[in-house]
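Chain by chain, the residues run as shown.
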Amino acid sequence: MSNTKIPYKIYLDENEMPKQWYNLRADMKNKPAPLLNPATMKPITLSELSEVFCEELAKQELDETTPYIDIPEKILNFYKMYRPAPLTRAYCLEEKLQTPAKIYYKFEGNNTSGSHKLNSAIAQAYYAKDQGLKGVTTETGAGQWGTALSMACSYLDLDCKVYMVKCSYEQKPFRREVMRTYGANVTPSPSMETEVGRKILENHPGTGGSLGCAISEAVETASNLEGYRYVLGSVLNQVLLHQTIIGLEAKAAMDKYNIKPDIIIGCAGGGSNLGGLIAPFMGEKLRGEADYQFIAVEPASCPSLTRGVYAYDYCDTGAICPLQKMYTLGSNFIPASTHSGGLRYHGMSSILSQLYHDGYMEARSVEQTSVFAAAEFFARVEGTLPAPESSHAIKVAIDEALKCKETGEEKTILFGLTGTGYFDMYAYEKFHDGKMTDYIPTDEELQASFATLPKIPE
Ligand SMILES: *Cc1c(COP(=O)(O)O)cnc(C)c1O
């Protein structure tokens, strides 16, 4: 087998695609701390959680024992329109770096929404429809999540209302048009449609908006409309579960050629793509069947794992989702406005947080100019134009490959390439014009944000 030439792209055929998601919590000895009801600060029950999420998703959110969960056929059929996602051997990158390392990446940007977010959007929309709901509301900043949800909702004939941060709505008109093409109702936030939007506009006329404000508008609209729910595109256990399709496919493709990665690298915003990519490998590590090195990569400007605290916090500034114990910078933390490289989320999946806390995973933070340098290098060598978020993983994969060059080790590296950079040309332009700066929050700024963390009664 060792002489078999590994193809540039390893594809699975339809029948080889995973038919179940893998619930990593089932194999964790130390489970993530219980989710808390924001109204009572006590562990949330299934019936309470079912008022926030549709029932099946509430079950998935709380399920820490079922290892495999069947993917409903309708979702599988949707997946088949854009999956399996190819696993690529980065031969050109290896050659350019002159490294003995073998580098693989799993590309999730091969669908119109441009990222892995569609994997969970379709699942969330499906369960909402299945329960007879009329529609969902959400916020979108950069636009990937809103686009993914629009596509999923149109497939299922579900209404979709997206509050898009106003400056992004104006800067990314094409993202907005894609969403409208799929039938979503897109509103720049803050808007006059909601009480919270009107209040913000009164106090800050002309504001470009913020993610926190867009979330609050989406939450308010969902609670005022019969048959609507607010949905979230990352950080929740259910989202990580749906994203395990990435890792399961990657593992199946690698198993086909007897490839075993030594290092698995992913970018971490709320942790859903990273958690999904590493899940089946981490499961083997937790069960003592194999060992892998896992590296989470986050921006130095929004460093939840490397500089955050492990504490209970809100996952959404609207405080409607349950609180979870996670590495967080505080839900009021706002990354510097000079940060354009994505991954701005304040917290981290509670599953990944627990694994990191227990020493199963490492984390690194990288500065955005070095991320864009890696992105550009990668685009020129491998052809694919990467999303800035994904490029955090590229940066560390290159670092690790260069280490192998020094030591002569032939390590196998797998990283997640979560999306395409087509809609991020403003950020690339800033980089090319030399106008991009690096910002690292001071300890004082972080302390000030930690001081606003919710107080949890013992
Ligand atoms: C949203 C997004 C991320 C980060 O989100 P996670 O939940 O941490 O996976 C990474 N890459 C792309 C392209 C995204 O759209």
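Rules used in this analysis
Residues numbered from 1 in each chain as written. Predicted model: local features only at pLDDT ≥ 70, side-chain atom pairs only at ≥ 80, totals over all residues. Heavy atoms only, no water. Helix = DSSP H or I, 4+ residues; strand = E, 2+ residues; numbered from the N terminus. Buried < 20%, exposed > 50% of the residue type's maximum accessible area, 1.4 Å probe, protein only. Near = heavy atom within 4 Å. Nonpolar A, V, L, I, M, F, W, Y, C, P; charged D, E, K, R; others polar. Domains from an automatic or database assignment. Phe/Tyr/Trp six-rings, centres within 6.5 Å; stacked < 30°, edge-to-face > 60°. Lys NZ or Arg CZ within 6 Å of the ring centre and 35° of its normal. Salt bridge = Lys/Arg side-chain N within 4 Å of Asp/Glu carboxyl O. Polar contact = N/O pair within 3.5 Å; in protein donor to acceptor, adjacent residues only side chain to side chain. Pairing = 2+ DSSP bridges. Axes fitted to C-alpha atoms, helices over the stretch in contact; angles between N-to-C directions. Contact = heavy atoms within 4.5 Å. Parallel < 35°, antiparallel > 145°, perpendicular 65-115°, else oblique. Left-handed = near helix turned anticlockwise from the far one by under 90°. Disulfide = S-S within 2.5 Å. Expected span 1.5 Å × (residues − 1). Bend = angle between axes of the 7 residues up to and from the residue.

J.: Tell me about the environment of Gly212, residues and numbers included.
T.: Among the structural elements, Gly212 can be located in helix H10 (residues 211–224). Judged by relative accessible area, Gly212 falls into the partly exposed class, the value being 21%. Taking the C-alpha atoms as reference points, Gly212 and Ile71, 141 residues apart in sequence, are found 32 Å from one another.

J.: Go over the site of the ligand with me, naming the residues and quoting the values.
T.: Every one of the 17 residues lining the ligand counts as a neighbour, but Lys117, Ser234, Gly269, Asn273 and Thr418 are closest to it. Of the residues that constitute the shell around the ligand, the class distribution is 4 nonpolar, 11 polar and 2 charged. Structurally, the shell around the ligand is a two-domain feature, drawing no fewer than three residues from each of domain 1 (9–16 + 82–114 + 243–450) and domain 2 (21–70 + 116–230).

J.: Can you tell me about the packing of aromatic side chains, naming the residues and giving the values?
T.: Inspection of the entire model under this criterion finds 15 aromatic pairs. Each ring, one from Phe78 and one from Tyr82, has its centre 5.8 Å from the other, and the planes form 70 degrees; the classification is edge-to-face. Within this pair, Phe78 and its partner Tyr82 are both found in helix H3 (residues 73–82), separated by 4 residues, close to a single helical turn. The class of Tyr82 is buried, set by a relative accessible area of 12%. Ring pairing ties together the aromatic residues Phe78, Tyr79, Tyr82 and Tyr155, which thus form one cluster. Lying over the aromatic face of Tyr91, Lys5 brings its terminal NZ or CZ to 4.0 Å of the ring centre. The cationic tip of Arg176 hangs over the ring face of Tyr169; the distance from NZ or CZ to the ring centre is 4.6 Å.

J.: Hey, could you go over the pattern of salt bridges for me, with residue numbers and the actual values?
T.: Scanning the model with the defined rule gives 22 salt bridges in all. Put simply, Asp27 and Arg287 hold a salt bridge, and the shortest N to O gap is 2.9 Å. Within this pair, whereas Asp27 is found in the loop between strand S2 (20–22) and helix H1 (46–49), its partner Arg287 is found in the loop between helix H12 (272–286) and strand S11 (293–299), the two being separated by 260 residues in sequence. A salt bridge links Glu108 to Arg83, with the shortest nitrogen-to-oxygen separation between them at 2.8 Å. In this pair, Glu108 sits in the loop between strand S5 (102–107) and helix H5 (118–130) while Arg83 sits in the loop between H3 and strand S4 (87–89), placing the two residues 25 residues apart along the sequence. For the pair shown, Glu108 and Arg83 are each scored as buried. One continuous salt-bridge network, built from bridges that share partners, spans Arg83, Lys106, Glu108 and Glu249.

J.: Mind laying out the side chain of Asn37, listing which residues take part and the relevant values?
T.: Inspection of the secondary structure puts Asn37 in the loop between S2 and H1. Looking at Asn37, its side chain comes within polar contact range of the main-chain nitrogen of Ala39, at 2.8 Å.

J.: Explain the sheet that holds strand S9 (residues 228–230) to me, and be specific about the residues and the numbers.
T.: Read from one edge to the other, the open sheet built from 4 strands follows the order S8-S7-S6-S9, with strand pairing classed as parallel. With one partner strand each, in any of the chains shown, strand S8 (185–189) and S9 form the two edges of the open sheet. Neighbour-to-neighbour, the strand axes of the sheet open up by a mean angle of 20 degrees, direction not taken into account. By the bridge criterion, 5 bridges tie strand S7 (residues 159–165) to S8 in an arrangement that is parallel. Each residue of the ladder has a partner; that of Val165, found in S8, is Ser189. Seen against the sheet, helix H6 (residues 144–156) touches strand S6 (135–140) and S7 and runs at an angle of roughly 160 degrees to S6. Here helix H8 (residues 173–181) sits on the sheet in contact with S6, S7 and S8, set at roughly 170 degrees to S7.

J.: Account for the packing of H3 against H5, with residues named and values stated.
T.: Across the interface, H3 lies against H5 with an axial gap of 10 Å and an inter-helix angle of 150 degrees. Considered as vectors, H3 and H5 are oriented roughly antiparallel to each other. The handedness of the crossing between H3 and H5 is right-handed. Along the contact surface, H3 presents Lys74, Ile75, Phe78, Tyr79 and Tyr82, while H5 presents Leu118, Asn119, Ile122, Ala123, Tyr126 and Tyr127. Among the residues forming the contact of H3 with H5, the class breakdown is 9 nonpolar, 1 polar and 1 charged.

J.: Would you mind going over the state of the cysteines in detail, with residue names and values included?
T.: Enumeration according to the criterion identifies 0 disulfides in this entry. No disulfide involves Cys153; its sulfur sits 4.1 Å from that of Cys160, the nearest cysteine. In this model Cys302 remains outside any disulfide bridge; the closest cysteine sulfur is found in Cys267, 13 Å from its own. Residue classification places Cys302 among the buried positions, given a relative accessible area of 1%.

J.: Please give an account of the pairing of S5 that cites residues and values.
T.: Taking burial as the measure, the 6 residues of S5 include 5 buried ones, the bulk of the element. As paired strands, S4 and S5 are joined by 3 bridges and run antiparallel to one another. If you follow Arg89 over to S5, its bridge partner there is Tyr104.

J.: Outline the sheet that holds strand S1 (residues 9–10), supporting the account with residue identities and numerical values.
T.: One open sheet holds the 7 strands; their spatial order is S1-S4-S5-S15-S10-S11-S14, and the pairing between them is mixed. Each edge of the open sheet carries a strand with a single partner, namely S1 and strand S14 (362–366). Two elements, S1 and S4, share 2 bridges in a ladder whose sense is antiparallel. Across the sheet, residue Lys9 finds its bridge partner in S4, namely Thr88. The strands that helix H11 (residues 237–256) touches are S1, S4, S5 and strand S15 (412–417); relative to S5, the one it contacts most, it runs at about 140 degrees. H12 contacts strand S10 (263–267), S11 and S15 of the sheet and is inclined by roughly 155 degrees relative to S10.

J.: Before we move on, can you summarise H11 with the specific residues and values?
T.: Taking 1.5 Å of rise per residue, the 20 residues of H11 would be expected to cover 28 Å, and the 29 Å separating its terminal C-alpha atoms lies within 8% of that figure. Approximately 30 degrees is the largest bend angle found in H11, and it occurs at Gln243. With 17 of 20 residues buried, H11 is to be regarded as a mostly interior element. Where H11 terminates, the next one or two residues include Asn258, which has phi positive at roughly 55 degrees.

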